[in-house]
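Fold and geometry: a report
Letter by letter, the chains look like this.
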Amino acid sequence: MEFFKLSSVVRENIKRLKPYEAKEIPCKIKLDANELPFSINIFDIVKDIKISLNRYPDPEAKTLRKTIAKKLKINYEKIVIGNGSDELIYYLIITFGQPVLYPTPTFAMYGVISDVLDIKKIECPLDENFDLDIERMEKLIINQKPHLIFLSSPNNPTGNTFSNEKILKIINLAKNNSCLVVVDEAYQPFCSKKGFLSFIKDYKNLVILRTLSKIGLAGLRVGYLIADEEIVKEINKVRLPYNVDSLSQYIAEKTLNSFYPKIQNYIKEIKKERSRLLKELSKIDKIKVYPSEANFILFKVKDADKISSQLIKRGIVLRNLSLIIEDALRVTVGTRQENDEFLKALREILKV
Ligand SMILES: *Cc1c(COP(=O)(O)O)cnc(C)c1O
């Protein structure tokens, strides 16, 4: 007789979940995950490395926090480092969640992590320009009393920023309803508008999320948040003491200190390529292309599913969003050559 039944110990909300699939489609040209197509040589970064691997990492990641703080001209005590900003989203929801409000479509992790933690989520559709539906958001804040609002701006996967006025309206209303607002600025380095960092000192309910993943260090898993010290104090209660390993701390710090001009050049190149790609895509009248302030471009095309698989056959992988936004595909801005190969393949497939 077998008595052990795994299902009797799995939490009910976990039973209902499917694992989040970060699918790897092996392809020559990878334009699906909003990574930077350029990389700093790891040996250049670690050539003078002095780390004792037998010792635990700095639990407070002080050197890295101070490096980031100096760049942003803020106090390092306003910073928390995460194993990717995904981990910080997790910490934010554990610490403050119930319910969590965010517009859709947006970054999947806000909803995924809420589900894992069995925390109620409220989704508010964006308007036809992918901007915030401010009236609806305001009603939800007042009636549903969320504790936490996530605003990805520039928004993934739509590529636009939300209107500054609307974001500020939400931050103010949230403040008066004791609710935190997280402005997720993962794509800020590619954005032409100023982000919300300067508002941290005025709003005790504001949290900014940033990451090194989209500027060349996706493999490292380093993200950070900036908020008032009181918020930081609460998050640090749930943060695992050694959540960021020594190597990641070292490489992140070294990259920011010694290779930043190089990163900035890469970003400049991506922005240039983004304009070119936008221009070329908008010449194709079988597709509708959306403006972007990020390192990716959203476009709509009939039979998006089919087009996506035909691109994969030619060795080019995009993000197929057609289950989330009708007919939509998202292409990460690659190198000039990658973008040309993508454009060529797309034109061939569309016969234009
Ligand atoms: C990619 C992305 C993140 C996750 O970044 P990591 O630091 O790699 O975990 C967070 N927010 C948005 C909107 C993203 O697109």
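Residues numbered from 1 in each chain as written. Predicted model: local features only at pLDDT ≥ 70, side-chain atom pairs only at ≥ 80, totals over all residues. Heavy atoms only, no water.

1. Section: a nonpolar patch on the surface
Threshold: For patch building, the residue pool is restricted to those with more than 30% relative accessible area and no salt bridge; the joining distance is 9 Å between like charges and 5 Å between nonpolar side chains (Val, Leu, Ile, Met, Phe, Trp, Tyr). Working definition of accessibility: Shrake-Rupley area with a 1.4 Å probe, residue cover restricted to the visible protein chains. We count a salt bridge whenever a side-chain nitrogen from Lys or Arg sits within 4 Å of a carboxyl oxygen from Asp or Glu. Strands here mean DSSP runs of E at least two residues long; helices mean DSSP runs of H or I at least four residues long; both are numbered from the N terminus. For the exposure calls, accessible area comes from a 1.4 Å probe over protein chains only, and a residue counts as buried if that area is under 20% of its type's maximum, exposed if over 50%, partly exposed in between.
A grouping of Phe-4, Leu-6 and Val-9 is seen on the molecular surface, where their side chains present a nonpolar patch of about 350 Å² in accessible area. Residue position: Val-9 is located in the segment before helix 1 (12–15). Val-9 gets classed as exposed once you look at its relative accessible area, which sits at 58%.

2. Comments concerning the site of the ligand
Our working definition: Any residue with a heavy atom positioned within 4 Å of a molecule or strand is treated as near that molecule or strand. Here a polar contact means two N or O atoms within 3.5 Å. Within protein one must be a hydrogen donor candidate and the other an acceptor candidate, and residues neighboring in sequence count only if both atoms are side-chain atoms.
Taken together, 13 residues lie near the ligand, and Asp-184, Thr-211, Ser-213, Lys-214 and Arg-221 sit nearest. One of the side-chain N or O atoms of Lys-214 is found 3.0 Å from an oxygen atom in the ligand. At 2.6 Å from an oxygen atom of the ligand is found a side-chain nitrogen or oxygen belonging to Arg-221. In the complex, 94% of the free accessible area of the ligand, which totals 380 Å², lies under the protein chains. At three residues, helix 4 (residues 84–96) tops the list of elements feeding residues into the shell around the ligand.

3. Concerning the pattern of salt bridges
Counted according to the given criterion, the structure contains 21 salt bridges. Glu-185 serves as the salt-bridge partner of Arg-210, at 2.9 Å between the closest nitrogen and oxygen. Highlighted residues: Arg-210 in strand 7 (residues 206–211) and Glu-185 in the loop between strand 6 (180–184) and strand 7, separated in sequence by 25 residues. Under the relative-accessibility criterion, Arg-210 is labelled buried at 13%.

4. Looking at the domain arrangement of the chain
For clarity, the threshold we go by: The split into domains, and so the bounds of each, comes from an automatic or database assignment of domains. Working rule for contacts: check all heavy atoms of both residues, and any pair within 4.5 Å makes them a contact. By buried area we mean the combined loss of accessible area, with a 1.4 Å probe, across both parts when two parts are placed together.
Splitting the chain by domain gives domain 1 (6–38 + 260–350) and domain 2 (55–258). Computed over C-alpha atoms only, the centres of domain 1 and domain 2 are separated by 23 Å. Each partner contributes residues to the interface: domain 1 has 27 residues there, and domain 2 has 31 residues. Carbon and sulfur atoms make up 67% of the surface buried where domain 1 meets domain 2, a total of about 2,300 Å² over both sides.

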